[in-house]
Structure formats: structure tokens, C-alpha cells
Amino acid sequence: WSWRLNALVPFVVWTRLFYKGAILRDTNDPDVQNISLSSSPHDLLFGPAWSAAVMIWIGIYSFMTEEAAVIAAVSFGDGLAPLIGTKY
């Protein structure tokens, strides 16, 4: 059961995004200003929350499968893109 702990961090991230996007709804929150394109707390419930939800799903149900490897490769590319984009 300990391998399921890999979904703990995405769950915490998803909970934080849901709280700030659906309950708190503060446009001056630093997370809202940094993550959403339009500075709307509602934007946190779309892409970022779904990304965390997919990580939770993969971490619990598809751990050590080909699906998880594909998601890891895409996530690695998404994380590497800003670094390459700032240089070129």
C-alpha cells in the first residue's frame, strides 16, 4: 500500500487548487495570479486541477504501467519547455 503514497502530493495540490478556486475565490491570491491567465480564481479549476487529478489517477490506478511512463514523459517535456524557451 505504500506505493500509493505517490498520489499524496498531487492530492494536496488538487485540494489547494480547489480551495482557492471554488471556495476562497480571492483574485489577489499569489497562486491565482501566477497560475491563471486571466487572474480569475475560476481558472484554477480547469487545467491545473485536472492535471493534478490525472496525476492522482495515474498514481493510484496506473502506477508502473505504460500510461504512467507516457504521462511522466509529457510532464518532463512540459517542465523542460520553459527552460529551453527562455534560452532561445
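Scoring rules and cut-offs
- Residues numbered from 1 in each chain as written.
- Predicted model: local features only at pLDDT ≥ 70, side-chain atom pairs only at ≥ 80, totals over all residues.
- Heavy atoms only, no water.
- Helix = DSSP H or I, 4+ residues; strand = E, 2+ residues; numbered from the N terminus.
- Expected span 1.5 Å × (residues − 1).
- Bend = angle between axes of the 7 residues up to and from the residue.
- Patch = residues over 30% accessible without salt bridge, like charges linked within 9 Å, V, L, I, M, F, W, Y side chains within 5 Å.
- Areas by Shrake-Rupley, 256 points an atom, 1.4 Å probe, with all protein chains shown as cover.
- Salt bridge = Lys/Arg side-chain N within 4 Å of Asp/Glu carboxyl O.
- Buried < 20%, exposed > 50% of the residue type's maximum accessible area, 1.4 Å probe, protein only.

Undergrad: Explain the environment of Ala-72 to me, and be specific about the residues and the numbers.
TA: Within the secondary structure, Ala-72 is located in helix 4 (residues 66–87). With 36 residues separating them along the chain, Ala-72 and Ser-36 place their C-alpha atoms 23 Å apart.

Undergrad: Can you tell me about unusual backbone geometry, naming the residues and giving the values?
TA: Here Arg-25, not a glycine, exhibits a phi torsion of approximately 55°, which is positive. Considering the arrangement of structural elements, one finds Arg-25 in the loop between helix 1 (8–24) and helix 2 (30–35). Even without a glycine there, the phi angle at Ser-39 is positive, about 60°. Mapped onto the secondary structure, Ser-39 falls in the loop between helix 2 and helix 3 (47–61).

Undergrad: Provide a residue-level description of helix 4, including the pertinent values.
TA: Along its 22 residues, helix 4 runs 32 Å from first to last C-alpha, staying within 8% of the 32 Å computed at 1.5 Å per residue. Along helix 4, the sharpest change in direction is near 30° and occurs at Leu-80; proline Pro-82 comes one to four residues later.

Undergrad: I'd like a rundown of a nonpolar patch on the surface, residues and numbers included.
TA: Residues Phe-76, Leu-80, Leu-83, Ile-84 and Tyr-88 make up a contiguous nonpolar surface patch of about 610 Å² in total accessible area. For Phe-76, the position within the fold is in helix 4.

Undergrad: Before we move on, could you go through the pattern of salt bridges and cite the residues and values that matter?
TA: Here the structure, examined in full by the defined rule, presents three salt bridges. A salt bridge links Lys-20 to Asp-29; the nearest nitrogen and oxygen atoms lie 3.3 Å apart. Residues Lys-20 and Asp-29 agree in their burial class; the two are buried. In this structure, Lys-20 and Asp-31 form a salt bridge, with 2.7 Å as the shortest nitrogen-oxygen distance.

In short, shape yes, function no, at least from these values alone.
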